[in-house]
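# Structural overview for review
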Amino acid sequence: EAAAWRISPRCQKLIKADGGPMGSSDPFFTITPSLNESKLLYRSEVYTKNLNPTFKPCILNASDIGGSKGRFVVTVWDSDPDGANDRLGSFETTLHELVAFGPFQYPLYKDKVASDFGKGKSGGAFCIDLMEPVDASSLPPPPMGFWITTEIKNLKRQDGPLSKADPWFAVLTTGVSGSRPASLAKKLGWRDRQTGYKSEVYKKTLNPKFKKFPLMLPQVNNNMDAIFWIVVYDYESDGDHQVVGIVELTLRKLSLGPFHYPIAINGNADKSAGAFHVTGLVPITEPQGLENVLNTDPVSPAPRLKPRGEKVPKMDAGTIGSCYTCFNLSEHLSRP
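Residues numbered from 1 in each chain as written. Predicted model: local features only at pLDDT ≥ 70, side-chain atom pairs only at ≥ 80, totals over all residues. Heavy atoms only, no water.

What follows deals with the packing of aromatic side chains. Tallied over the full model, the rule gives 18 aromatic pairs. With centroids separated by 4.9 Å and ring planes inclined at 75°, the aromatic side chains of F29 and F55 adopt a geometry described as edge-to-face. Here F55 lies in the loop between β3 (42-43) and β4 (58-61) and F29 lies in strand β2 (residues 27-33), a separation of 26 residues in the sequence. With respect to burial, F29 and F55 carry one shared label: buried. Each residue in the set F29, Y42, Y47, F55, F91, F101, F104, Y106 and F126 is aromatic and connected to the rest through ring pairs, giving one cluster. The aromatic ring of W168 is capped on one face by K198, whose charged end is 5.8 Å from the ring centroid. (Phe/Tyr/Trp six-rings, centres within 6.5 Å; stacked < 30°, edge-to-face > 60°. Helix = DSSP H or I, 4+ residues; strand = E, 2+ residues; numbered from the N terminus. Buried < 20%, exposed > 50% of the residue type's maximum accessible area, 1.4 Å probe, protein only. Lys NZ or Arg CZ within 6 Å of the ring centre and 35° of its normal.)

See below:
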């Protein structure tokens, strides 16, 4: 059996996700292993206002799903501007079944994933028009990393109904594959997480466009499926920056091209604070100029710090009270 297959898919008679007699859908589809639906193997392009889209062919490696009889889930989504996309329907199958069935139309069930038929009202059909074997050895290896260009659209107001926000973001990495902490507090509080990048701050805007930045494979333990987080903050001059929301990603997800992700409030992707758009993605094949990013410990043995304080609270009583400030540095031990 072939180690990889090129699949030519399309959909027909999708349900209208956007209401009204003239409503339509903005479909795209994803492929995930049945036993780990958080691991994204493929994400298609998005078609706007189309109930019968013909998608570009995709390649699926048998090794990514546990062999030709490993089960995987195809899910069709309706794309929403805030990134909180709606599921139109899913079906579960194997490469062995797809090859055996040949060209076929599979029902998209919205309430459950099923490989059987006649299980309820279908959200449309996912059609396989062609299956072609591919030589997996001819596929290119993953790049060393990516130059990533991002922007935020329609960020929720943070400082009252008539104000805007002062957004910035940080990239937090752990290099742990499949790690999904139970709460946002854990995600942000782990002592073994590293800040892989910190963006610039934009003042009084809900639609910032950020400078491009590099994210390298060694920063996530050379693991394309290691989860990292983009945490969006609202800047505060006293340093108590407020978490607006979080985007959970992997380099494999990023490698599938530009896309908009929900900025999940309290880690709940169904409650979006806006859309985090990856608008540009350029593979990095040569490390020139990125030695500090690739170095696991780029800090010099004795860096010089220039600290200052802002809005330090008054510790001495009275209207003209003040305080005498100092600070200390202490070692922050990692957990075992």
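Turning our attention to the environment of Q219. Looking at the element boundaries, Q219 is found in the loop between β12 (213-216) and β13 (226-234). The exposure class assigned to Q219 is buried, which follows from its relative accessible area of 18%. Sequence separation between Q219 and L172 is 47 residues, and the spatial gap between their C-alpha atoms is 9.8 Å. Separated by 2.8 Å, the side chain of Q219 and the backbone nitrogen of M216 make a polar contact. (Polar contact = N/O pair within 3.5 Å; in protein donor to acceptor, adjacent residues only side chain to side chain.)

A few words on the side chain of T93. On the secondary structure map, T93 appears in strand β6 (residues 86-93). Judged by relative accessible area, which is 1%, T93 ranks as buried. Among all residues touching T93, those that are not within four sequence positions of it are G70, R71, F72 and L98. (Contact = heavy atoms within 4.5 Å.)

We now examine the pairing of strand β15 (residues 259-265). Counting buried residues along β15, six of its seven residues qualify, which places the element largely inside the surrounding structure. With six bridges joining them, β15 and strand β16 (residues 268-284) adopt antiparallel strand pairing. In the sheet register, P262 faces β16, and the bridge partner there is A275. In textbook terms, the turn of a hairpin is the stretch between consecutive antiparallel strands, and for β15 and β16 this stretch comprises two residues, one of which, N266, has a positive phi near 55°. (Pairing = 2+ DSSP bridges.)

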